[in-house]
Amino acid sequence: MNPIVIIPARMASSRLPGKPLAEIAGRPMIAHVLERAMRADIGPVAVAVCDAAVAQAVEQAGGHPVMTDPDLPSGSDRVWQALERVDPAGKHDTVVNLQGDLPGVMPDILRTVLLPLHDARTDIATLVAPVQDAPEAAAESVVKVACAFHEGADTARALYFSRVAIPWGQGPLWHHVGIYAYRRAALRQFVSNPESPLERRERLEQLRALEAGMHIGCARIAQAPFGVDTPADLERARMAATMDGARA
């Protein structure tokens, strides 16, 4: 594999407008995510942007912004357009889609998400972490994955994604972590397909891939990284950064 990491980032977040430039420990959030991606050292890193202010912040942080169409419908479409613009010759056969709202993501996670792609049958790789308690299982904001890890295995095939707790019965529940690694051809296929019925019903775009017959593989990690979606999340991220700075 010859991966590239692309971070989609845009200012027009419905719950937290201006999210990429939200300040955490004196730096914009996108700078924190960029730094973590670069530290993973799995390949070059680009940021798919559609706002001049975000592009400027990325450049000031030492990153490579790629301007994309502001009217694209999703982060996946933004990643694909950025990939085509930054690598038109197709040098990179694998692309990691890292959300721009994960300022505390650990770099080793980006290496872990590539593991399912060692199976030639896997089109798309993603991450799961154990659901810790009943409120997490019940929260519709926490996407759950129906997958089963055989004894000693670190990867498993995703059979379904839902906002409800699946599967039924005794056993672990898995929290989906929305970081993906795509084979380049798989990402091309994914963004070319129309929105699917289950994707529309559950509001989960990864179901489009499953409905199209694509194989999604999951790698497990110990704990889901903390994402920033609301003003309360932002305050939590700021407190965590302050504590990390104090420990350092």
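## Looking at the pattern of salt bridges
In step 1: Evaluated as defined, the whole model comprises nine salt bridges.
In step 2: Between Glu-84 and Arg-184 there is a salt bridge, and its shortest N-O distance comes to 2.9 Å. Placement of Glu-84 in helix α3 (residues 75-86) and of Arg-184 in helix α6 (residues 184-192) is noted, with a sequence separation of 100 residues between them.
In step 3: Owing to a relative accessible area of 36%, Glu-84 belongs among the partly exposed residues under this scheme.
In step 4: The buried category is assigned to Arg-184, whose relative accessible area is 8%.
In step 5: For Arg-121, the salt bridge identified is with Asp-119, shortest N-O distance 2.8 Å.
In step 6: Owing to a relative accessible area of 60%, Arg-121 belongs among the exposed residues under this scheme.
In step 7: In this structure, a network of salt bridges that share partners links the residues Lys-19, Asp-101 and Asp-229.

## A word on the environment of Arg-236
In step 1: Along the chain, the position of Arg-236 falls in helix α9 (residues 231-247).
In step 2: Considered as a pair, Arg-236 and Pro-107 are 129 residues apart in the sequence and their alpha carbons are 20 Å apart.

## Describing the nonpolar core
In step 1: In this structure, Ile-7, Val-96, Leu-98 and Ile-179 are the most contacted members of the largest nonpolar core, which totals 33 residues.
In step 2: Elements with a contribution of two residues or more to this core: β1 (3-8), α1 (29-40), β4 (45-49), α2 (52-60), α4 (107-112), β7 (124-130) and β11 (174-183).
In step 3: Take this core: its biggest share by element is five residues, from α1.
In step 4: If near-sequence neighbours (up to four positions away) are discounted, Ile-179 is found in contact with Val-96, Asn-97, Leu-98, Gln-99, Leu-102, Val-105, Ile-109, Leu-110, Val-113, Ala-125, Thr-126 and Leu-127.

## Considerations on the environment of Ile-109
In step 1: Tracing the sequence through the fold places Ile-109 in helix α4.
In step 2: Given a relative accessible area of 8%, Ile-109 falls into the buried group.
In step 3: It is 23 Å that separates the C-alpha atoms of Ile-109 and Arg-10, two residues lying 99 residues apart in sequence.

## Remarks on α6
In step 1: By the burial criterion, the buried members of α6 are Arg-184, Ala-186, Leu-187, Phe-190 and Val-191. All buried residues of α6 lie within an arc of 155° about the axis, which places them on one face of the element.
In step 2: Looking at the buried positions of α6, the neighbouring elements they touch are α3, β6 (94-97), β7, β11 and α8 (206-211).

## Some thoughts on the environment of Ile-179
In step 1: Inspection of the secondary structure puts Ile-179 in strand β11.
In step 2: Once the C-alpha coordinates of Ile-179 and Phe-226 are considered, the two residues, 47 residues apart in sequence, prove to be 12 Å apart.

Calculation criteria
- Residues numbered from 1 in each chain as written.
- Predicted model: local features only at pLDDT ≥ 70, side-chain atom pairs only at ≥ 80, totals over all residues.
- Heavy atoms only, no water.
- Salt bridge = Lys/Arg side-chain N within 4 Å of Asp/Glu carboxyl O.
- Helix = DSSP H or I, 4+ residues; strand = E, 2+ residues; numbered from the N terminus.
- Buried < 20%, exposed > 50% of the residue type's maximum accessible area, 1.4 Å probe, protein only.
- Core = buried A, V, L, I, M, F, W, Y, C linked by side-chain atoms within 4.5 Å.
- Contact = heavy atoms within 4.5 Å.
- Arc of directions from axis to C-beta.

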